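These are the residues of each chain, in order.
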Amino acid sequence: MSGSKTPTPIPFSEPPYLCGLPSPYYTPSHLAWQKHCRAFISTHLLEHAMEWEREETVPAHVYATFATGNMLLPNLPTPLPAALLRQLGVHAIGSGEGAVKLEDWDYIHTAIYVDEMARSGLAGPGGALTVGYAFGIPPLYKFGSGELQARVLPSLLLGKKRICIAITEPDAGSDVANIKTTAVKSADGTHYVVNGSKKWITNGVWSDYASMAVRTGGEGAGGLSMLLVPLLGQEGVSMRRLKVSGQISAGTTFIELDDVKVPVENLIGEE
């Protein structure tokens, strides 16, 4: 983006359905949503994307703007957790004429959102808003207990707090089965004590929580569990930014965990 609000169109750069070619997949709802997406994302992200990438960070108010406009919710898998969202006062994705009712949302709406978020050609600015939300929240509402969901999901879904997913480590990137971060249950059974480190954690430096893979049992994949681990302000947690080529503004983070106490109620799924 050159900084102009109305960049010159590039031939053949748009998807065929936007160039007037017929498609059996795109309904009037999809077309209205695309217009809403382009207007919102162009104004609140793309106009400043290159500037923020150069500055190596996306201002916090941008996340709040996307949250207020219900424009973080497209990062959730389909079908959406409609009942929970309605309890929080959310009845549509987006706002105004292009908004989509929760019950009408499908993966084509998701694909349009992803396409529009990528129009700057930069991975960092969009990733600063979407990665933690897209990967950190779903394990909670799919496998978290009712108590855990009630305690943390409202603030996360509405963008009042932030989350990341923390799997990879310095010695185990794609080799997830051999991660070394441990979570040992206390003698009184009330909490886990977490020790280890996580690396390449996108959005981590801004996150209140991490959906984190930890070793609660023996070697290999069978010894792994997931915990919701508090990050910001939590005793024993230290975080620092990593400068990652290609998406420096996305907040990639190195996390160190030193005797971090996590309530047993924060277990996601089964141990």
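Residues numbered from 1 in each chain as written. Predicted model: local features only at pLDDT ≥ 70, side-chain atom pairs only at ≥ 80, totals over all residues. Heavy atoms only, no water.

**Side note on the overall build of the protein chain**
How we decide: Comment: elements are numbered from the N terminus, with helices defined as DSSP H or I runs of at least four residues and strands as E runs of at least two. To get the radius of gyration, use the C-alpha atoms; to get the globule rule, take the number of residues to the power 0.38 and multiply by 2.2 Å. Only protein chains enter the area calculation, which uses a 1.4 Å probe; residues under 20% of their type maximum are buried, those over 50% are exposed, and those in between are partly exposed. For every accessible area listed, the method is Shrake-Rupley and the probe measures 1.4 Å; residues are considered covered only by the protein chains on display. When charges are counted, Lys and Arg contribute as positive and Asp and Glu as negative, whereas His and the chain ends are disregarded. Each charge is placed at NZ for Lys, CZ for Arg, CG for Asp and CD for Glu.
Counting its regular elements, the protein chain contains eight helices and 10 strands. Computed over its C-alpha atoms, the radius of gyration of the protein chain comes to 20 Å, within 12% of the 18 Å expected for a compact globule of 271 residues. C-alpha extents for the protein chain along the principal axes are approximately 65 × 40 × 30 Å. Across the 271 residues in the protein chain, those meeting the buried criterion constitute 46%. If you sum the accessible surface of the protein chain, you get close to 13100 Å²; carbon and sulfur atoms cover 56% of it. When the 21 positive and 26 negative side-chain charges of the protein chain are each reduced to one mean point, those points stand 3 Å apart.

**Describing the nonpolar core**
To keep things clear, this is the line we draw: For our purposes a nonpolar core is just a set of buried Ala, Val, Leu, Ile, Met, Phe, Trp, Tyr and Cys residues, chained together by side-chain atoms within 4.5 Å. What makes two residues a contact is simply this: any of their non-hydrogen atoms within 4.5 Å.
In terms of nonpolar packing, the biggest core is built from 44 residues, with Trp 33, Ile 41, Phe 66, Ile 137 and Leu 140 touching the most fellow members. Of all the secondary-structure elements, those providing two or more residues to this core are helix H1 (28-44), helix H3 (60-68), helix H4 (82-87), helix H5 (107-117), helix H6 (123-136), helix H7 (138-143) and helix H8 (146-157). Residue contributions to this core peak at five residues, all from H8. Setting aside anything within four residues of it in sequence, one finds Trp 33 in contact with Met 71, Pro 74, Ile 93, Gly 94, Gly 98, Val 100, Trp 105, His 109, Ile 112 and Tyr 113.

**Notes on the UniProt feature "domain: Acyl-CoA oxidase/dehydrogenase middle" (unreviewed entry) in the protein chain**
The following threshold applies: UniProt positions are given in the numbering used here, feature names are shortened, and annotations may be inferred rather than shown by experiment.
Under the local residue numbering, the UniProt record ascribes the feature "domain: Acyl-CoA oxidase/dehydrogenase middle" (unreviewed entry) to residues 164-260. From the first C-alpha to the last, residues 164-260 spans 17 Å; its make-up is 0% helix and 46% strand.

**Thoughts on the packing of H1 against H3**
Rules: Angles run from 0 to 180 degrees between N-to-C directions of axes, and those axes are lines fitted to C-alpha atoms, restricted for helices to the stretch in contact. Here the angle decides the label: under 35 degrees means roughly parallel, over 145 means roughly antiparallel, 65 to 115 means roughly perpendicular, and every other value means oblique. In a left-handed crossing the near helix is turned counterclockwise from the far helix by less than a right angle, and in a right-handed crossing that turn is clockwise.
Their axes nearest at 11 Å, the elements H1 and H3 cross at an angle of 160 degrees. With respect to their mutual orientation, H1 and H3 come out roughly antiparallel. As for the relative orientation of H1 and H3, their crossing is right-handed in sense. On H3, the residues that touch Phe 40, Ile 41 and His 44 of H1 are Val 62, Thr 65 and Phe 66.

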